[in-house]
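Understanding the architecture of this molecule
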Amino acid sequence: MKNIKIKINNQEIVCSTEQTIMQVAKNNNIDIPGLCNHPDFPVKANCRICLVEINGQAKLTPSCHIKVKNGMEIKTDTERVKKARDLNIELIFAEHIEKCPTCIWRVNCQLLDLADKYKIKITRFKDRKKRRKIYKFANAIEIDGSQCIDCRNCIDSCSLTQKINYLKLTGKGSEQEITPVDNEQPLFNQQKISKKVDCIYCGQCAAHCPVGAAQEQSHWEMVEKALKNKNKIVIAQFDPLSLISIGEEFNLPYNKISIGQIATGLRQLGFNYIFDINFGANITAIIEAEELVSRIKNKKNMPLLASHCPAWVKYIEFYYPEFIPNLTFARSPHINNGGVIKTYWAEQLKIDPKNIIVVSITPCTAKKFETSRKELKIKGNWPVDYVLTVRELAWLFKKNRVEFDKLKNSLADNLFKDYNGIDVVCGANGGVMEPVLRVAQDLFRSIKKTAGSCQVCLDFKKINGLSAVKETKIKIAGKNSRVAIVNGIGDIKSVLDKISNYDYIEIMACPEGCSGGGGQPLPTNNAIIQKRIKAFYKLNKNKKNCLANKIPETKQFLNWLKLKPTLEHKILHTFYKKRKFGKQY
């Protein structure tokens, strides 16, 4: 890597030949705006906002695309650059229908920020995409063609990261449009699709869209309506990773966020009770561990595939239905938690479950789809009624003028008296697997236990150099079992091709699990995801990993269930089925 000297706005800078003009400028606090450039994807240079003037070149140049050369002299603030930049921002607004009053991106919209910063008149040109369709994928994700600016980040996330290839580019020139694959029409280059594809609702398109054209289907309006209904008890239950990442929306460092702030903020919004999902995670760990031990001993439907990621479940149901029998029938943690709330907890407090509304707060968009699966109903009630992404919760705080950074701590509520939960690291890969394996080993009495707790130390190693796939061996039910973690759906095929080599596999559809979930704050990129993971594990570093099956409250709940045999299966278990292309579920 060779160091060279260049000049940007007459400032001499030493940099590497491997860097682009935009990267060098950013590293030296020189502002060059841009919308289409994303560090996780190849440079496309199609928003044309990052134009600069290079001495000796007649044309303006996109700074995100051109690597620096020795002696290069660059100007970012000439009148020619400013005129071209401002015009291109105006033209992008002409592609992007303004739906600001109802858009959750309004308070941190890059496009609006640029218009404000450069004093752009955003209504000078006629909106040319106002008749474009909105494509809705189940009740989880939508892509609004009228807001799209053709950056193609959604296509890159779907094809390069996830390898689903559900989005395509149709048309040419001003008629160019992002649409879902319909398995009948040819692509823009006239190549026909060789196999049927479908959305898995992971939300990576939304996590990489700079203008909200791809986003989650919002539940916040329905939640606000429920909070105003005095006849309903509205309960929030939050995923621990939401605690880490929501601070990004308020420019707070990761170590300045607490459960107490979340609880206080949710109460200010009007929620009657606030729980975390740890109890539901305990139940998932116990049921899945029992199933794992049983399958290992009986050598049936192996390997066991974890099913707590709903995007992964949709992937199996559509792409690999032959592996449906391998999925664990244990419900996911937030669904289990909602089931406990609407049965045991409701009975103890003598509340009609029909008057309870449970809202999950999570970094996941696919959980919106999961909550609508009819097979999860308990006595006609949905365990979870609505799902808010971290972005939606931040929007509600900002919309209702809740100053999150100034909130004082308050205690979250307990599902059981004196119950303080168990710290299950279920937001990153290995999070559900670890407590499952601890319980599984305990069930078979294969490890030494002290004071009702035990520790499984998983030494994951990369498989064939693939950083996204990790494996280890651990003794369960008298056997050296091979277990694996898949870090993103884009890397699953290498494991499925040799699935018989494993006994237990945990798959998270999003890169680095829910840390990179489709409902996380923006921007989201690999560097930010790593910061979230580091902060999350630091938060849990000194927490005791208890055995879920040894906690008195979990025993209390499971013993209560045994007295209700017709209810036990409906609360604890689920099933899966083959999904057909193109149907909205």
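This text goes with the structure placed above it.
What comes next is a walk through the structure. (Residues numbered from 1 in each chain as written. Predicted model: local features only at pLDDT ≥ 70, side-chain atom pairs only at ≥ 80, totals over all residues. Heavy atoms only, no water.)

**Describing the packing of aromatic side chains**
A complete count under the given rule lists 20 aromatic pairs for this structure. Aromatic side chains Y201 and F369 sit 4.7 Å apart centroid to centroid with 50° between the ring planes, which places their arrangement in the tilted category. With Y201 in the loop between β9 (177-180) and α5 (204-207) and F369 in helix α12 (residues 366-370), the pair connects residues that are 168 residues apart, well separated along the chain. Of the two residues examined, Y201 and F369, each falls in the buried class. Between W312 and Y315 the ring centres are 6.1 Å apart and the planes differ by 25°, which places this aromatic pair in the stacked class. Highlighted residues: W312 and Y315, both in helix α10 (residues 310-319), separated by three residues, approximately one helical turn. (Phe/Tyr/Trp six-rings, centres within 6.5 Å; stacked < 30°, edge-to-face > 60°. Helix = DSSP H or I, 4+ residues; strand = E, 2+ residues; numbered from the N terminus. Buried < 20%, exposed > 50% of the residue type's maximum accessible area, 1.4 Å probe, protein only.)

**Here we look at the pairing of strand β1 (residues 3-8)**
Of the two faces of β1, the one holding I4, I6 and I8 is buried and the one holding N3, K5 and K7 is not buried anywhere. Note that β1 and strand β2 (residues 11-16) share six bridges and pair antiparallel. Its bridge partner lying in β2, I8 is registered against Q11. Connecting β1 to the antiparallel partner β2 that follows it, the hairpin turn spans two residues, and N9 within it adopts a positive phi of roughly 55°. (Pairing = 2+ DSSP bridges.)

**Some words on the environment of E434**
Looking at where E434 falls in the secondary structure, it is placed in helix α14 (residues 433-443). Considering only alpha carbons, one finds E434 and A285, 149 residues apart in sequence, at a separation of 8.7 Å.

**Things to note about the sheet that holds β2**
Strand order across the open sheet formed by five strands is β2-β1-β5-β3-β4, with mixed pairing between neighbours. The open sheet is flanked by β2 and β4 (61-62), the only strands paired with a single partner. Relative to strand β3 (residues 51-54), helix α2 (residues 79-95) is tilted by about 160°, and along the sheet it contacts β3 and β5 (73-75). (Contact = heavy atoms within 4.5 Å. Axes fitted to C-alpha atoms, helices over the stretch in contact; angles between N-to-C directions.)

**A closer look at the packing of helix α17 (residues 552-562) against helix α18 (residues 565-572)**
When two helices pack together, their arrangement is given by the angle between the helix axes and the distance between those axes. One can describe the packing of α17 onto α18 by two numbers: an axis separation of 7 Å at closest approach and a directional angle of 130°. Considering the angle they form, α17 stands oblique to α18. Within the contact between the two elements, α17 uses F557, L558, W560, L561 and K562 and α18 uses P565, L567, E568, I571 and L572. (Parallel < 35°, antiparallel > 145°, perpendicular 65-115°, else oblique.)

**Some thoughts on α14**
The buried fraction of α14 is high, at nine of 11 residues. Residues of α14 that are buried: M433, P435, V436, L437, R438, V439, A440, Q441 and D442.

**Regarding the packing of α2 against helix α3 (residues 110-117)**
Here α2 crosses α3 at 140°, and the two axes come no closer than 11 Å. For the element pair α2 / α3, the angle class is oblique. The chirality of how α2 crosses α3 is left-handed. In this structure, α2 contributes I89, I92 and F93 to the contact, and α3 contributes L111, L112, L114 and A115. Across the contact of α2 with α3, the residue classes break down as seven nonpolar, no polar and no charged. (Left-handed = near helix turned anticlockwise from the far one by under 90°. Nonpolar A, V, L, I, M, F, W, Y, C, P; charged D, E, K, R; others polar.)

**As for the pattern of salt bridges**
One pass over the full model with this rule turns up 28 salt bridges. One salt bridge connects D31 with K117, and the closest N-O pair in it is separated by 2.2 Å. Taken together, the residues D31 in the loop between α1 (21-27) and β3 and K117 in helix α3 connect sequence positions 86 residues apart. On the accessibility criterion, D31 (45% relative accessible area) is partly exposed. The partner of E79 in a salt bridge is K82, and the shortest N-O contact between them spans 3.9 Å. Pair noted here: E79 and K82 are both in helix α2, with a separation of three residues, about one helical turn. Judged by its relative accessible area of 31%, K82 is partly exposed. (Salt bridge = Lys/Arg side-chain N within 4 Å of Asp/Glu carboxyl O.)

**A look at helix α11 (residues 333-348)**
Along an α-helix, a turn takes 3.6 residues, which lines up residues three or four apart on a common side. Between its first and last C-alpha, α11 extends 21 Å over 16 residues, near the 22 Å set by a 1.5 Å rise per residue. Considering bend angle alone, the principal kink of α11 is centred on I341 and spans about 35°. Buried residues dominate α11, accounting for 14 of its 16 residues. Of the residues flanking the end of α11, it is K350, one or two places downstream, whose phi is positive at about 55°. (Expected span 1.5 Å × (residues − 1). Bend = angle between axes of the 7 residues up to and from the residue.)

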